[in-house]
Amino acid sequence: MSNTPILEMRNITKEFPGVKALDEVSFRVQEGEIHCLVGENGAGKSTLMKVLSGVYPYGTYSGDILFGGELQQFDGIRDSEKTGIGIIYQELALVPEMTVYENIFMGHEITKGLAVDWNETIRQADNMLKKVKLDINTAVRVKELGVGKQQLVEIAKTLSKNVRLLILDEPTSALNEDDVDNLFDLLRDLKTQGVTCIMITHKLKEIMEIADSVTVLRDGKTICTLDAHKGEVTENALIKHMVGREIDNIYPKREHKRSDEIIFEIENWTAYDPAVERTILKNNNLNVKKGEIVGLSGLMGSGRTELALSIFGNPEGYHVEGNLRVYGKKQRFNHPQEAINAGVAYVSEDRKRNGLILIQDVKQNVTLANLREIAKRGVVDDNAEIKIANEFKSSLNIKTPSIEQKVVNLSGGNQQKVSLAKWLFVKPNILILDEPTRGIDVGAKYEIYTIMNQLVEQGMSIIMISSELPEILGMSDRVYIVSSGEITGELPIEEATQEKIMHLATRN
Amino acid sequence: MSFMKDLQKVLRQNIREYGMFIALFVIWVVFAILTDGIFISSRNISNLLNQTGYIAVLGIGMTLIIVIRHIDLSVGFLAGFLGAVAAIAMAFWEWPVYVVIPAVLLIGLLLGLIPGFLVAQMGIPAFVATLAGFLIYRGAILVVTEETGTIIISNDTFNAIGNGFIKDIPVSFLPELHKVTLILGIAAIVLYIIGELNGRRTKQAYNFDVLPMNIFILKIAFTSLLIGGMTWVLAGYNGLSWTVVVVFIVVGIYNFVSTRTVLGRHIYAVGGNPEAAELSGVNVKKITYFVFGQMGMLAALSGMLFASRLQSATTTAGTLFELDAIAAAFVGGVSAAGGVGKVTGALIGALVMASLTSGMNLMGIGISYQYMVRGAVLAAAVIFDVATRNR
């Protein structure tokens, strides 16, 4: 590895009305390394990368950006791309209805005269896919690919712009373990080809695996840069720098209580999705006892979310068969409202897309699912609403200047807490949490786990869907494993191991 | 000077909210100067408000439609058609007016549910579904007026809605002025000030940000002056017209429903993020039905206001109403991205557009230029809205 920095950001300060998002941040990346950028949500990682890629143009921040030894003044993302910086956001920016090759060359189409040269486009797209080791037909439409493959297409798209510095914003948050391994192999391979890489991530295990060096941000300031080759990168060190305190145990302890009272049950639960013309759930049996956390483990796309939605009022319109019992009473929910009335709540995995109303404020989001509780004859009692929202703000420790703040301005962890607050306010007996800690930082994760433990102590039952095996093992009393729409196994926590779960999760 | 600084800060933060009031104010001042005061004469303002009525009513309904991310192109000719139905019911079937009005409102509500069904149940884009309605109702007006042409309405009660004024108390005190209007105006100012003070006290009790005291007083003074000025001007002519009363009632009900009730909150939730709303137990289909249904009902009201104003139903009634209503909603600050927009904004938006027409008419500007100016103002309003969106 050479010792010249390919990128140097000096004393970057970026302010938003009322918030100093970045405060004199300095950040150096050596040529040809994989540099992880870590920090709690709201630490300023994404803002820093937006400054770098020109999303916040020159003049809206103070400080200097040197790339390849030259001072840069980007006026937009096109400028930074021309210079050789490519960024891939957490939310993929592909057009699902278009083919892979159209997507790869979107915005910099290969032309012959006035027309697009499709033959050349397809040839070059094939080459790009080889570069990212993706073996698919480029004429496939993107929506037909899984998330992992879409991610690779996105990387191919960015590489086709001849970038020297590739920025990945939480690239693994939607990937299963195989796809992650794939991605990391690719990144190592790109490194040998001279592409430098900055990766924003929350997952310490991944950092340990792939980082050459790590820079930690906290509260908009650079805390430190650690060198993996000098052995400075350890989990404890990272956590300490990120949160500014040591966390002994990522998963707060809780006694595994054994209750025999089954309060929720599905039998022979089968669902057919007319949209994809496929049976997506086959003959599933699952039960939940009072006061326990049931882990629902499985790979991405194994049908976990579909199972949850088919239970929770079936908003996607699947054809569902089978029995569902709440407190022994046979039920069938035709709308989420009916599920809510029966004491079932579902915190969705994608809080931005279908969890929260981002343009509304914290209090409106918190009360949305249970407005009738604070309304008299259809008129909302504003004071009651403020009181409720403030209670949740303090009990869940939601960090917001005011409950009148729009949710879009909160960090991921705090958005998740708002989402959780909304569902706690409906006072459910059975809470389904779909990836409750996805995309949030270690500190906020710990808080969410603690809340979950308090809830089951109070007698609530939780179904927790998660892709992270340590989370499943750390939090559950009992684990169900789903594979290709079928529950392939049930393990009490004492018998569950990562290997056993993986085995069951990959059985179909 | 800290007052000016405060004022600047408050204006900058609330520019979206105050922007259209300021725009309306500026337009009035400019026309008042350009027409040597004729524009703000009692008679003209009274006329202006009456002309605004039927568009304002449509704009209010349209605001909710746009809030839930749809559009309704059919309301113009639906209004025209229902106006004709009301005229026929009175002129040919000789139904009493107190039956005709609720019956036509009900028909409007039911007809509004048709695009509601197509959009909510069948998943047809609102643009297409209501464009079909646009064509159908246009044909329907021609069918019902085919034999008679323009249908004259001779019912005085009905015609009073578009042309009449509320009665005054018969005392000799202040003979030049309409006393009931004055009393209502003063009552409105008092209620407004009490409301603002209460709101401020509640906010302070929860430690929320409130306006600095001097700005707060300025705001109250400004608004009171506006209401007072309007009252004075109207009282100097015939007083409050029934049209204005109807519009105020509609605005009052809609403002209450949209900001204070569970139903209103659900409408804005659907507009803000339909998937999240559905998963939060809001029945998006029901909300869609409701919003299209109320639009149909307001189209009926608009059609009757217009027919009453002309004292007849014509073959061209309703032409371009839908576009005026959409323009009013957008000038009033509704966002095409959904979830944002106040019904009071639509009223102001309708007033802005009607003021432009009225002012330019007084100045003798030709209709061709009037269209261009109104188009430019609409574009400017939306540009302003987009530019200030992220404040």
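Residues numbered from 1 in each chain as written. Chains lettered and ligands numbered in written order. Predicted model: local features only at pLDDT ≥ 70, side-chain atom pairs only at ≥ 80, totals over all residues. Heavy atoms only, no water.

**Focus on the overall build of chain B**
Moving on, step 1. A count of helices and strands for chain B gives 16 helices and 2 strands.
Moving on, step 2. In terms of overall size, chain B behaves like a compact globule, its C-alpha atoms giving a radius of gyration of 22 Å where 391 residues would be expected to give roughly 21 Å.
Moving on, step 3. A separation of at least 24 residues holds for 79% of the contacts in chain B among residues at least 6 apart in sequence.
Moving on, step 4. Entry remark: accessible area of chain B is about 18200 Å², with carbon and sulfur atoms responsible for 70%.
Moving on, step 5. Charged side chains in chain B number 22 positive and 17 negative. The centres of these two groups are separated by 12 Å. (Helix = DSSP H or I, 4+ residues; strand = E, 2+ residues; numbered from the N terminus. Rg over C-alpha atoms; globule rule 2.2 N^0.38 Å. Contact = heavy atoms within 4.5 Å. Areas by Shrake-Rupley, 256 points an atom, 1.4 Å probe, with all protein chains shown as cover. Lys, Arg positive; Asp, Glu negative; His and termini not counted. Charge placed at Lys NZ, Arg CZ, Asp CG, Glu CD.)

**With respect to the overall build of chain A**
Moving on, step 1. Secondary structure assignment for chain A yields 17 helices and 24 strands.
Moving on, step 2. The C-alpha atoms of chain A give a radius of gyration of 24 Å, which matches the 23 Å a tight globule of 508 residues would have.
Moving on, step 3. Taken along its principal axes, the extent of the C-alpha atoms in chain A is 70 × 50 × 50 Å.
Moving on, step 4. In chain A, the share of contacts with a sequence separation of at least 24, taken over all contacts with a separation of at least 6, comes to 67%.
Moving on, step 5. Accessible surface, chain A: about 21800 Å² in total, of which carbon and sulfur atoms supply 45%.
Moving on, step 6. Here chain A contributes 60 positively and 73 negatively charged side chains, and the mean placements of these two sets differ by 3 Å.

**What about the environment of A:Glu338?**
Residue and element names in this part refer to chain A.
Moving on, step 1. Along the chain, glutamate 338 turns up in helix α10 (residues 336-341).
Moving on, step 2. Between the C-alpha atom of glutamate 338 and that of phenylalanine 312, which follows or precedes it by 26 residues, the distance is 8.4 Å.
Moving on, step 3. Residue contacts for glutamate 338: discarding those within four places in its chain leaves Arg332 and Phe333.

**Re the nonpolar core**
Moving on, step 1. Grouped together as the largest cluster of nonpolar side chains are 88 residues, with contacts concentrated most on A:Phe264, A:Leu286 and A:Leu431.
Moving on, step 2. The element best represented in this core is helix α15 (residues 442-457) of chain A, accounting for 7 residues.
Moving on, step 3. Residues lining this core come from more than one domain, with at least three contributed by each of domain 2 (250-343 + 430-445 + 463-508) and domain 3 (352-427) of chain A.
Moving on, step 4. Discounting residues that sit within four places of it in the chain, A:Phe264 has contacts with A:Leu286, A:Asn287, A:Val288, A:Ile311, A:Leu324, A:Arg325, A:Val326, A:Ile430 and A:Ile463.
Moving on, step 5. In terms of nonpolar packing, the next biggest core, distinct from the first, is built from 80 residues, B:Ile68, B:Val100, B:Phe158 and B:Ala346 among them. (Core = buried A, V, L, I, M, F, W, Y, C linked by side-chain atoms within 4.5 Å. Buried < 20%, exposed > 50% of the residue type's maximum accessible area, 1.4 Å probe, protein only. Domains from an automatic or database assignment.)

**A word on the domain arrangement of chain A**
In many reports, interface size means the accessible area that the parts give up when they come together.
All names here are of chain A.
Moving on, step 1. Considered domain by domain, chain A is made up of domain 1 (5-243), domain 2 (250-343 + 430-445 + 463-508) and domain 3 (352-427).
Moving on, step 2. Computed over C-alpha atoms only, the centres of domain 1 and domain 2 are separated by 33 Å.
Moving on, step 3. If you look at the interface, domain 1 gives 12 residues, while domain 2 gives 12 residues.
Moving on, step 4. Regarding the contact of domain 1 and domain 2, the summed buried area is about 1100 Å², with carbon and sulfur atoms giving 61% of it.
Moving on, step 5. The interface formed by domain 1 and domain 2 includes 0 salt bridges.
Moving on, step 6. In this assembly, domain 1 and domain 2 are joined by 0 residue pairs in polar contact (both at pLDDT 80 or more).
Moving on, step 7. Taken together, the residues of the side of domain 1 that touches domain 2 sort by class into 3 nonpolar, 5 polar and 4 charged. (Buried area = accessible area lost by both parts, 1.4 Å probe. Salt bridge = Lys/Arg side-chain N within 4 Å of Asp/Glu carboxyl O. Polar contact = N/O pair within 3.5 Å; in protein donor to acceptor, adjacent residues only side chain to side chain. Nonpolar A, V, L, I, M, F, W, Y, C, P; charged D, E, K, R; others polar.)

**Comments concerning the interface of chain B and chain A**
Moving on, step 1. Contact with chain B, which involves 26 residues of that partner, is made by 37 residues of chain A.
Moving on, step 2. Where chain B abuts chain A, roughly 2400 Å² becomes buried across the two surfaces, and 59% of that area is made up of carbon and sulfur atoms.
Moving on, step 3. It is B:Phe208, B:Arg265 and B:Leu279 in chain B that bury the most area against chain A; as a group they hold 29% of the surface buried on that side.
Moving on, step 4. There are 2 salt bridges connecting chain B and chain A.
Moving on, step 5. Of the charged contacts in the structure, one is a salt bridge between B:Arg260 and A:Asp382, with a shortest N-O distance of 3.1 Å.
Moving on, step 6. At the junction of chain B and chain A, the tally comes to 10 residue pairs in polar contact (both at pLDDT 80 or more).
Moving on, step 7. The set of elements that each furnish at least two residues to the side of chain B that touches chain A consists of α8 (179-205), α10 (242-260), α11 (262-272) and α12 (274-279) of chain B.
Moving on, step 8. When residues in the side of chain B that touches chain A are grouped by element, the largest group, 6 residues, is from α11(B).
Moving on, step 9. Residues that form the side of chain B that touches chain A fall into these classes: 11 nonpolar, 10 polar and 5 charged.

**Details of unusual backbone geometry**
Note: most peptide bonds trans; most residues except glycine with negative phi.
Residues and elements named next belong to chain A.
Moving on, step 1. Phi at glutamate 170 is positive, roughly 45°, even though this residue is not glycine.
Moving on, step 2. Of note, glutamate 170 is situated in the loop between β9 (165-169) and α6 (177-192).
Moving on, step 3. Assessed through its relative accessible area of 8%, glutamate 170 is described here as buried.
Moving on, step 4. For asparagine 268, which is not a glycine, the phi torsion comes out positive at approximately 45°.

**Concerning helix α8 (residues 235-243) of chain A**
Since the α-helix advances by 3.6 residues per turn, residues separated by three or four positions end up pointing in the same direction.
Residues and elements named next belong to chain A.
Moving on, step 1. Of the positions making up α8, those classed as buried are Ala237, Leu238, Ile239, Met242 and Val243.
Moving on, step 2. In this structure, the buried side of α8 is in contact with β3 (34-38), α7 (204-210), β11 (213-218), β12 (221-227) and α15.
Moving on, step 3. Where α8 begins, the side chain of threonine 234 points an oxygen toward the backbone nitrogen of alanine 237, at a separation of 3.1 Å.
Moving on, step 4. Just downstream of α8 lies glycine 244, where phi reads positive at about 75°.

**Remarks on the sheet that holds strand β6 (residues 85-88) of chain A**
Residues and elements named next belong to chain A.
Moving on, step 1. If you trace the 6 strands from one edge of the open sheet to the other, you get β6-β9-β10-β3-β11-β12, paired in mixed fashion. Both edges of this open sheet fall to β6 and β12, since each of them pairs with a single strand only. Each neighbouring strand pair of the sheet contributes to a mean axis angle of 15°, computed without reference to strand direction.
Moving on, step 2. Sheet analysis places β6 next to β9, joined by 4 bridges and oriented parallel. The partner of glycine 86 across the bridge, within β9, is leucine 166.
Moving on, step 3. Set on the sheet, helix α1 (residues 45-53) makes contact with β3, β6, β9, β10 (196-200) and β11; between it and β10 the angle comes to about 145°.
Moving on, step 4. Strands β6 and β9 of the sheet are contacted by helix α5 (residues 147-159), whose axis makes an angle of about 160° with β6. (Pairing = 2+ DSSP bridges. Axes fitted to C-alpha atoms, helices over the stretch in contact; angles between N-to-C directions.)

**Topic: the pairing of strand β23 (residues 478-483) of chain A**
All names here are of chain A.
Moving on, step 1. Counting buried positions along β23 yields 6 of 6 residues, so the element is predominantly enclosed.
Moving on, step 2. Where burial is concerned, the two faces of β23 agree: the one with Arg478, Tyr480 and Val482 and the one with Val479, Ile481 and Ser483 are both buried.
Moving on, step 3. Across 5 bridges, the pairing between strand β15 (residues 293-298) and β23 is parallel. Bridge assignment links serine 297 to a residue of β23, and that residue is isoleucine 481.

**Description of the packing of α10(B) against helix α15 (residues 343-362) of chain B**
Moving on, step 1. Taken N-terminus to C-terminus, the directions of α10(B) and α15(B) make an angle of 145°; their axes are 8 Å apart at the nearest point. For the pair α10(B) and α15(B), the contacting residues are B:Val247, B:Val251, B:Tyr254, B:Asn255 and B:Ser258 in the first and B:Val343, B:Thr344 and B:Leu347 in the second.

**Things to note about the packing of aromatic side chains**
Residues and elements named next belong to chain A.
Moving on, step 1. Following the criterion strictly, the structure yields 16 aromatic pairs over all chains and no others.
Moving on, step 2. Ring geometry for tyrosine 251 against tyrosine 449: centres 5.1 Å apart, planes inclined by 45°, an arrangement best described as tilted. Of this pair, tyrosine 251 sits in the loop between α8 and β13 (262-273) while tyrosine 449 is found in helix α15, placing the two residues 198 residues apart along the sequence.
Moving on, step 3. Ring centres of phenylalanine 392 and phenylalanine 425 lie 6.3 Å apart, and the angle between their planes is 75°; this geometry places the pair in the edge-to-face category. Here phenylalanine 392 is found in helix α13 (residues 382-395), whereas its partner phenylalanine 425 is found in the loop between α14 (412-424) and β21 (430-434), with 33 residues between them in sequence.
Moving on, step 4. On the basis of relative accessible area, phenylalanine 392 is assigned to the buried category, the value being 14%.
Moving on, step 5. Given a relative accessible area of 3%, phenylalanine 425 falls into the buried group.
Moving on, step 6. Positioned above the aromatic ring of tyrosine 56, the side-chain terminus of lysine 14 is 4.4 Å from the ring centre. (Phe/Tyr/Trp six-rings, centres within 6.5 Å; stacked < 30°, edge-to-face > 60°. Lys NZ or Arg CZ within 6 Å of the ring centre and 35° of its normal.)

**Some words on the sheet that holds strand β18 (residues 344-347) of chain A**
Residues and elements named next belong to chain A.
Moving on, step 1. With respect to topology, 6 strands assemble into an open sheet ordered β18-β21-β22-β15-β23-β24, the strand pairing being mixed. Edge positions in the sheet fall to β18 and β24 (486-492), since each of these pairs with one other strand and no more. Adjacent strand axes in the sheet meet at a mean angle of 20°, parallel and antiparallel pairs treated alike.
Moving on, step 2. Of the strands in this sheet, β15, β18, β21, β22 (461-466) and β23 touch helix α9 (residues 304-311), which is tilted by about 130° from β15.
Moving on, step 3. α15 rests against β15, β21 and β22 of the sheet, and its axis sits at about 150° to β22.

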